[in-house]
2 protein chains.
Amino acid sequence: MPFATRAYAAQSATTPLGPFTFDRRDPRPDDVAIEILYCGVCHSDLHQTRNDWNNSTFPMVPGHEIIGRVAAVGSAATKFKPGDMVGVGCMVDSCQHCDPCQHGLEQFCENVPTFTYNGTDRHDHSPTQGGYSERIVVSEKFVLRLPEGLDPKSAAPLLCAGITTYSPLRHWKVGPGSKVAIIGLGGLGHMGLKFAHAFGANVTLFTRSPGKEDEARRLGAHDVVISTDPEQMKAVANRFDFILDTVPTKHDLNPYMATLKLDGTLVLVGLLGPIEPTLSTLPFITGRRSVSGSPIGGIAETQEMLDFCAANGVTSDVEMLDIQNINEAYARMLKSDVRYRFVIDIASLKKDQ
Amino acid sequence: MPFATRAYAAQSATTPLGPFTFDRRDPRPDDVAIEILYCGVCHSDLHQTRNDWNNSTFPMVPGHEIIGRVAAVGSAATKFKPGDMVGVGCMVDSCQHCDPCQHGLEQFCENVPTFTYNGTDRHDHSPTQGGYSERIVVSEKFVLRLPEGLDPKSAAPLLCAGITTYSPLRHWKVGPGSKVAIIGLGGLGHMGLKFAHAFGANVTLFTRSPGKEDEARRLGAHDVVISTDPEQMKAVANRFDFILDTVPTKHDLNPYMATLKLDGTLVLVGLLGPIEPTLSTLPFITGRRSVSGSPIGGIAETQEMLDFCAANGVTSDVEMLDIQNINEAYARMLKSDVRYRFVIDIASLKKDQ
């Protein structure tokens, strides 16, 4: 019997988020029903509620950094039991039979993963709705176990900001001896600093804003370079093996390319759309430098990341939020006025009663 | 005593090439003096004589695909003796002490390699002049041995077109099981087909021009895709591990990005300048695809390439040319009217007497 679920939703690309009630399905045999406790607020929530990527459907309940407690399990579900603390990230399903799915790379599912919200359930074709809600029902294959010792509030952003930075740092084998730079100090950037530092790399933050040095060092940076200062940029020419670019808005990549050393790679994780201004081929050809990109991570790797965080004391820096303040939080995110991730206390949904 | 040397030179960016006489230096202790027999005509000769890259100095004697015979050696030179058949490519010197130089990657010399022409000698600061001339004097470290069994005429283009395609195919580990595409069927492209085939890859040619199928197959392609046909492009979506883009003029990379599979790389070797139209980040982020670039190769790798060619019967397809016809040859190159590389018979210089 469908379960009436309180939430906050955008009704259109131009309206603020507000209270909304919808039905969650009964658990299917392989499903887990989760009582949501906390949900992180991702920059992509803002993009999608405003239809910045021209693929939004409404009403839309955003949220894909979900931490909660298992409330019920389907008849064939074996991984979890009621009471378990769990997480759900950006995906709730995938085809499970293509080559990437069979190799634990569900984020690259050739038949497109089912996204946690603003997607379509691949079985009943209903719209998927995210974590700004009191309950979610997800195939157990896409549910993560929250390890002992991880604070559930500050773990929420690990499900997107965490894995989005962890996965490329691992894929490109960042470790002791690596010289790494992170561009941007937001939700993704602060996790990039923490992970790169935890992996043993020498870590630099690129930022446009002076005054972030102390914060950056606290988060794991060894050096801070003001990217608008040509002298500082020149001083780090040919320096980095790897640059993780977390900036979600248009920006010039060319000055950063010159700071990569021979065979270095710049990986985009924040920007969806055209690269403007365009890139020159010179740094590619003269230094065999590369540009690449990376989305979140697979389910197995996301579990590995959570376990790594628990074992190494890595968490997100969060500011807790009542859901009634979500529109103000979006406005503050646009000004980068958050250190470093808003997390909604889903208990606040009850205040609207 | 400097050696008066006949050549063909451009006197400015707007004048055709014509006869020119200049002095070659006496061999320094580590030098080899080479009587030039053949010199390939590279697309970059055209760019540089026309100052397309805004770095040209005149008078300019182009030519960096040089095959000749050792005429004399300096007092401390030990690698070669008079009569040896040798080659000279795009570089005649480098700093020899930076990290890339010490690892045999002189093409990435941090203090900039000395280019064979349109460069400046790092010892006497004289302008370097290339292979459209009867003699050249080069440090023996930058002289290649022409292996037994390689035809000297068709070996000339290996010194630039050959190594420029060989090096990235090796660096990105193209071999049996690789699905590779080559964009463009010119001097570089035809060598790309031959090497990718010789390395055991499955090879596709992308071309805008129908009617090249038989030629492409003769040169090593298993398939030919007309890049202007959306149906054919769609049929190869997500197909290639590696794409070698040899096109030297502005072109849209986005349609090719979609033909790379997960973790595939497109490597630019022909285009110097801005990427226009610009790239979308979507294929990067959704498929961890990369764009990179590569210039020629190091001296040791260039020797390895020549030895590979001799052992495996790989050579360039050439059309021989008297130097008096060089301006006509440039005009034909602009129309891609050559199969696939012009090579100047330097003996023709004597006809101007």
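Draft legend 1. Broad picture of the pairing of strand E12 (residues 223–226) of chain B. All names here are of chain B. Here strand E11 (residues 202–207) pairs with E12 via 4 bridges, running parallel. Considered in E12, the bridge of threonine 207 is made with isoleucine 226. After leaving E11, the chain enters helix H6 (residues 213–219) and then returns to the sheet as E12, a path that is right-handed.

Draft legend 2. Just the packing of aromatic side chains, in detail. Scanning the entire structure with this criterion turns up 20 aromatic pairs over all chains. One aromatic cluster in this structure is built from Tyr166(A), Phe195(A), Phe199(A) and Phe308(A). Note that Arg135(B) overlies the ring of Phe3(B), its terminal NZ or CZ placed 3.7 Å from the centroid. Across the ring face of Phe308(B), the terminal group of Arg170(B) is positioned such that the distance to the ring centre comes to 5.2 Å.

Draft legend 3. The packing of helix H4 (residues 161–171) of chain A against helix H5 (residues 187–198) of chain A, seen in detail. All names here are of chain A. For the pair H4 and H5, interaxial distance at closest approach is 8 Å and the crossing angle is 45 degrees. Put simply, H4 runs oblique to H5. Crossing of H4 against H5: the hand is right-handed. Contacts from Ala161, Gly162, Thr164, Thr165, Tyr166 and Leu169 in H4 reach Gly187, Leu188, Met191, Gly192, Phe195 and Ala196 in H5. Its residues placed into classes, the contact of H4 with H5 shows 7 nonpolar, 5 polar and no charged.

Draft legend 4. Quick look at the pattern of salt bridges. Residues and elements named next belong to chain A. Per the counting criterion, the structure on display carries 44 salt bridges over all chains. Among the ionic pairs, arginine 25 bridges to aspartate 31, the shortest N-O distance being 2.9 Å. Taking relative accessible area as the criterion, arginine 25 reaches 23% and is therefore assigned partly exposed. A cluster of three or more residues bridged by salt bridges with shared partners is formed by Arg25, Arg28, Asp31, Asp121 and Asp124.

Draft legend 5. Structural detail: the domain arrangement of chain A. All names here are of chain A. When cut into domains, chain A gives domain 1 (3–160 + 316–352) and domain 2 (162–293). Each of domain 1 and domain 2 has a C-alpha centre, and these two points are 28 Å apart. Interface of domain 1 and domain 2: buried area, both sides summed, is about 1100 Å²; carbon and sulfur atoms make up 52% of it. On the domain 1 side of the interface with domain 2, the three residues burying the most area are Cys160, Asp317 and Tyr340, jointly 46% of the side's total. Inspection of the domain 1/domain 2 interface yields 3 salt bridges. For the salt bridge of aspartate 317 with lysine 194, the shortest nitrogen-to-oxygen distance reads 2.6 Å. Taken together, domain 1 and domain 2 are joined by 11 residue pairs in polar contact (both at pLDDT 80 or more). Among the residues making up the side of domain 1 that touches domain 2, the classes are represented as 6 nonpolar, 3 polar and 3 charged.

Draft legend 6. Main features of the interface of chain B and chain A. Taken together, the contact between chain B and chain A spans 33 residues of the former and 33 residues of the latter. Carbon and sulfur atoms make up 65% of the area that chain B and chain A hide from each other, which totals about 2600 Å². Applying the counting criterion to the chain B and chain A interface returns 0 salt bridges. For the pair chain B and chain A, the interface holds 16 residue pairs in polar contact (both at pLDDT 80 or more). Where the side of chain B that touches chain A is concerned, the elements lending two or more residues are helix H4 (161–171), strand E14 (260–268), helix H9 (282–287) and strand E15 (290–293) of chain B. Counting residues per element, the side of chain B that touches chain A draws most heavily on H9(B), at 5 residues.

Draft legend 7. Structural view of the relation of the copies chain B and chain A. Structural alignment of chain B on chain A gives an RMSD of 0.0 Å, achieved by rotating through 180 degrees and translating 0.0 Å along the axis. Each copy turns onto its partner about a two-fold axis.

Draft legend 8. Quick look at the pairing of strand E8 (residues 135–139) of chain A. Most of E8(A) is tucked away, with 5 of its 5 residues classed as buried. Judged by which residues are buried, E8(A) turns out to be covered on both faces: Arg135(A), Val137(A) and Ser139(A) on one side and Ile136(A) and Val138(A) on the other are all buried.

Draft legend 9. Molecular detail of helix H5 (residues 187–198) of chain B. Residues and elements named next belong to chain B. Taking 1.5 Å of rise per residue, the 12 residues of H5 would be expected to cover 16 Å, and the 17 Å separating its terminal C-alpha atoms lies within 8% of that figure. Those residues of H5 that fall on the buried side of the exposure criterion are Gly187, Leu188, Gly189, His190, Met191, Gly192, Leu193, Lys194, Phe195 and Ala196. Looking one or two places after H5, you find glycine 200, whose phi comes out positive at around 95 degrees.

Draft legend 10. Here's a closer look at unusual backbone geometry. Of note, the amide linkage connecting Phe58(A) to Pro59(A) takes the cis form, showing an omega dihedral of -5 degrees. The topology assignment puts Pro59(A) in the loop between helix H1 (43–49) and strand E4 (66–73). Between Glu276(B) and Pro277(B) the backbone carries a cis peptide bond, its omega angle lying at 0 degrees. Tracing the chain through its elements places Pro277(B) in the loop between E14 and H9. Phi at Lys173(A) is positive, roughly 55 degrees, even though this residue is not glycine. Mapped onto the elements, Lys173(A) comes out in the loop between H4 and strand E10 (179–183). The class for Lys173(A) is exposed, based on a relative accessible area of 69%. Of note in this structure, Asn54(B) is not a glycine but carries a positive phi near 55 degrees. By secondary structure assignment, the location of Asn54(B) is in the loop between helix H1 (43–49) and strand E4 (66–73).

Rules used in this analysis
- The residue count restarts for each chain, going from 1 along the sequence in the order it is written.
- By the order in which they are written, chains take letters starting at A while ligands take numbers starting at 1.
- With pLDDT at 70 or above as the cut-off, local features in this predicted model cover only qualifying residues; side-chain atom pairs require 80 or more to be listed or tallied, and sums for whole chains, interfaces and linings still use all residues.
- Side-chain figures throughout are based on the complete set of non-hydrogen atoms in the structure, without hydrogens or water.
- Any two strands between which DSSP finds at least two bridges are classified as paired.
- Numbering goes from the N terminus for both helices and strands, where a helix is a DSSP run of H or I of at least four residues and a strand is a run of E of at least two.
- Looking down the strands as they point away from the viewer, one classifies a crossover as right-handed if the path from the first strand across the helix to the second runs clockwise.
- Note on aromatic pairs: the rings of Phe, Tyr and Trp (six-membered ring only in Trp) are paired at centre separations within 6.5 Å, and the planes decide the class, stacked below 30 degrees, edge-to-face beyond 60, tilted for the rest.
- Note on geometry: a ring has a charge over it if NZ (lysine) or CZ (arginine) is within 6 Å of the ring centre and within 35 degrees of the ring normal.
- Geometry is summarised by axes, namely lines fitted to C-alpha atoms with helices restricted to the contacting stretch, and by angles between N-to-C directions that run from 0 to 180 degrees.
- Any angle that falls under 35 degrees is termed roughly parallel, while one over 145 is termed roughly antiparallel, one within 65 to 115 roughly perpendicular, and all others oblique.
- Crossing handedness follows the turn of the near helix against the far one: under a right angle anticlockwise gives a left-handed crossing, and clockwise gives a right-handed one.
- In this description, contact between two residues means that some pair of their heavy atoms is separated by no more than 4.5 Å.
- Residues are grouped as follows: Ala, Val, Leu, Ile, Met, Phe, Trp, Tyr, Cys and Pro are nonpolar; Asp, Glu, Lys and Arg are charged; every other residue, Gly included, is polar.
- The salt bridge definition used is simple: a Lys or Arg side-chain nitrogen within 4 Å of an Asp or Glu carboxyl oxygen.
- A simple rule labels every residue: compare its accessible area, found with a 1.4 Å probe on the protein chains alone, to the largest value its type can have, and call it buried under 20%, exposed over 50%, or partly exposed in between.
- As used throughout, domain bounds are those supplied by an automatic or database domain assignment.
- What counts as buried area is the accessible surface, traced by a 1.4 Å probe, that two parts surrender upon association, with contributions from both included.
- Whenever a nitrogen or oxygen atom comes within 3.5 Å of another N or O atom, the pair is scored as a polar contact, on the condition that within protein one atom can donate a hydrogen and the other can accept it, and that pairs from neighbouring residues in sequence are kept only if both atoms are in side chains.
- Copy-to-copy superposition: least squares on the C-alpha atoms, limited to residues that have pLDDT of at least 70 in both copies.
- For a helix, the expected span equals 1.5 Å multiplied by the residue count minus one.

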